[in-house]
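Structural overview
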Amino acid sequence: MKKDSKQTSFFFLIKIYLKYAKGWFFVVCLSTLLAPLMAYIDVVILRDAVNYLELDSDISTIVSKMIMWLGVYIAVVIINSIIETYIGENMNAIVANKINRRIYTQVLITDYKYFDRTDFYNDYTWTLNNFYPQIFSSVQMVWQLLMSLFTIGTIGTLMLSMDWVVLVLVVLSVIMNVIINNLLTKETFEKRQESLFLQRMLSYIQRVFYIKDYAMGIKTTGIKNTLLKKYDESTSALSNVIKKHRGKVTALSILLGVMIYTIKIVTILYLVIQVHENKLSLGAFTALFYASINLKSQLDQFGNLLTRLKNLNLYTKGIKEFFALPSEIEYIDEGELLDNKPLSLEFRNVNFKYHDDSDAVLSDVSFTINQGEKIAIVGRNGAGKSTIAKLILHLYNPESGDIYVNGKNIRTYNVADLRQHIGVAFQDSMLYAFNVRENICVYNDDISNDELNDVLGKIGVSDVLEKNKANNNAVLTRELDDNGIELSGGERQLIAIARVLTKKFGLLIFDEPSSSLDPIRESKLSKMIMQETGDTTVVLISHRLSAVRGADKILFVEDGRVVECGSHSELMKLNGKYYELYNVQAESYLDV
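Computed from a predicted structure; not experimentally measured. (Residues numbered from 1 in each chain as written. Predicted model: local features only at pLDDT ≥ 70, side-chain atom pairs only at ≥ 80, totals over all residues. Heavy atoms only, no water.)

A side chain with one charge can pair with a side chain of the opposite charge if their charged atoms come near. Under the criterion given, the structure shown has 14 salt bridges. For the salt bridge of Lys553 with Glu373, the shortest nitrogen-to-oxygen distance reads 4.0 Å. One end of the pair, Lys553, is in strand S9 (residues 553-558); the other, Glu373, is in the loop between strand S2 (362-369) and strand S3 (374-378), with 180 residues separating them in the sequence. Residue Glu373 is classed as buried on the basis of its relative accessible area, which comes to 15%. One network of salt bridges, in which partners are shared, links Arg380, Glu558 and Lys577. (Salt bridge = Lys/Arg side-chain N within 4 Å of Asp/Glu carboxyl O. Helix = DSSP H or I, 4+ residues; strand = E, 2+ residues; numbered from the N terminus. Buried < 20%, exposed > 50% of the residue type's maximum accessible area, 1.4 Å probe, protein only.)

It is worth spelling out the nonpolar core at this point. What tends to happen in soluble globular proteins is that the nonpolar side chains get buried as a cluster. Ranked by size, the top nonpolar core spans 45 residues in total, and within it Ile459, Val461, Phe510 and Tyr578 carry the most contacts. Of the residues forming this core, the biggest block, six residues, is contributed by helix H14 (residues 489-500). Contacts of Phe510, omitting those with residues within four sequence positions, involve Ala425, Ile497, Val500, Ile529, Val538, Val539, Leu540 and Ile541. By size, the runner-up hydrophobic cluster in this structure holds 39 residues, among which are Leu13, Ile14, Ile135 and Leu305. (Core = buried A, V, L, I, M, F, W, Y, C linked by side-chain atoms within 4.5 Å. Contact = heavy atoms within 4.5 Å.)

Looking at the secondary structure, you find Asp333 in the loop between helix H8 (282-323) and strand S1 (345-352). Sequence separation between Asp333 and Val415 is 82 residues, and the spatial gap between their C-alpha atoms is 8.7 Å.

So, on to the pairing of S9. Extensive coverage of S9 is indicated by the burial of five of its six residues. Both S3 and S9 contribute to a ladder of four bridges, which runs parallel. By the bridge assignment, Ile375 is partnered in S9 with Lys553. Alignment of S9 against strand S10 (residues 561-566), held across five bridges, turns out to be antiparallel. Residue Glu558 lies in a different strand from S10, and its bridge partner there is Arg561. A loop of two residues connects S9 with S10, the two strands running antiparallel in sequence, and Asp559 in this loop sits at a positive phi of about 50°. (Pairing = 2+ DSSP bridges.)

As a further point, take the side chain of Ser363. When you line up the elements, Ser363 lands in strand S2. Given the relative accessible area of 13%, Ser363 is considered buried. Sequence-distant contacts of Ser363, that is, excluding residues within four places in its chain, are made with Val350, Asn351, Gly560 and Arg561.

Our focus in this paragraph is the packing of helix H5 (residues 164-210) against H8. Interhelical geometry of H5 versus H8 gives an angle of 30° and a closest axis separation of 8 Å. For the element pair H5 / H8, the angle class is roughly parallel. For the pair H5 and H8, the sense of crossing is right-handed. Its residues placed into classes, the contact of H5 with H8 shows 12 nonpolar, 10 polar and four charged. (Axes fitted to C-alpha atoms, helices over the stretch in contact; angles between N-to-C directions. Parallel < 35°, antiparallel > 145°, perpendicular 65-115°, else oblique. Left-handed = near helix turned anticlockwise from the far one by under 90°. Nonpolar A, V, L, I, M, F, W, Y, C, P; charged D, E, K, R; others polar.)

Now for the sheet that holds strand S6 (residues 422-426). Strand-to-strand pairing in sheets goes through backbone hydrogen bonds, with the strands running parallel or antiparallel. Read across the sheet, six strands follow the order S6-S7-S8-S3-S9-S10 without closing on themselves; strand pairing throughout is mixed. In this open sheet, the two edge strands, each paired with only one partner strand, are S6 and S10. The mean inter-strand angle of the sheet, taken between neighbouring strand axes irrespective of direction, is 15°. Packed onto the sheet, helix H9 (residues 385-392) meets S3, S6, strand S7 (507-511), strand S8 (537-542) and S9 and runs at close to 150° relative to S7. Most of the contacts of H14 go to S6, to which it runs at about 175°, and overall it touches S6 and S7.

So, about the environment of Asn182. Along the chain, Asn182 turns up in helix H5. Put simply, Asn182 and Leu306 are 124 residues apart on the chain and 9.2 Å apart in space, counted from C-alpha to C-alpha. Among all residues touching Asn182, those that are not within four sequence positions of it are Thr307, Lys310 and Asn311.

Bear in mind that shape data such as this cannot, by itself, settle questions of function.
And the structure:
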């Protein structure tokens, strides 16, 4: 693989900024010419003012010069204010929004398998926190490099015309500054990298204590002790990271300070001797000393910019890896499109595991679902039922074997189009801090209010809203609205089911959609789903067997294998796994 370079990282970031604000970028580049003009005026004004005092010249001459330079100062201030504040803040906000949106777009085209990996979340977190700052930092580097180069050239030329020794002392100081700052930057980066996981842990703990869903568990169980223990462990580890690096950072900082002030005193002594021997005027002395400070500042900035450029690849590595993740599935613009008709499915000798070093979740799974068929997949928790749903949605590719949709391999279809033909209601479907309509119409935002109300009435969501004295414009959750509606687990699942009934799909997947409901209500809801879905193919996943008796065919999954298949009556006659579990569940209901 080709070795990445700092130049590659630099131009990688600059190219992104130019995509969104090329004209603005070059406008600011031109404005950097104002900095050397200001630096030149500062030195000349100081020199002329002190020489006037020394030579006792005509006051009108110095006044007229000062008025002229004041006019230039005012003009530059006005131009800078217009560029930096009046236009700049808005432009930077627009670019930042577009760049951050690019992160969310990248997430949408990143294969789902990466969300199981810690290193992905490290790069994702790093990108969220550093993508725009690093891009803007790179752009500022260009502007600051131009500004520094122009200013250094202007001040250096002026100093060289007055005394070259001071110029040499300043350059020597800057070289040492660059070397030490380079070491400091490397140490700081290593400290940040070592702290990244610890910061993620602390952020997670903070989020758990913040979100209401966790509040009851924290107050009523021992998890609070675990959270506080991990908080103490993480803060202690973070403190150890700081201690590990503080010695070297402190030593380098002391060395840097000693070097700066030593050269500063040497410069002053040299200038005093030059004036004492009448080799410099007081005006030249003052101007040179001021110019040396300004030049050192500019050279330090230039050196720091080179150091930042050198280390840019360190900060950009995680960002580039995040955007360069190879996606085998999420090709939105490629693949065949499906017709608007019920889907058929076939699993043929499918094997799957989530990680290369993990146990198999599915082993040699084969089954067929015909168009319009109502199928139930049942089994104990952890049997692999939900994994089958994820493979149907093409969130993963199987390790081996094939999945067919309407007779064609699932890999041949456009994945975005495929998912538009599949409605899913998961057990843990999330609610969003938006209104009821926005939460439910995630598949079909064109549905009329009458059609939506009809769906809500059939599912029972209307009763929930009536109980809360709310309508479809009411906000769900209180994360963004103190008056938002808080729903129970069962009510949340009703929202998830309502979502998939707002549109005609080729396939509907219900993955434990009513597990938070009581068995009687769950059974009624299952019958209603079977009736309302018409000729649509349905896959109903459940561990409660009473809810799936009406299915055309039931697949019993155990340890990642389909061990039994048939209708309810057929499976009961087998006296096998299904029969055993069904009777155990029936007895538990009777005992209650």
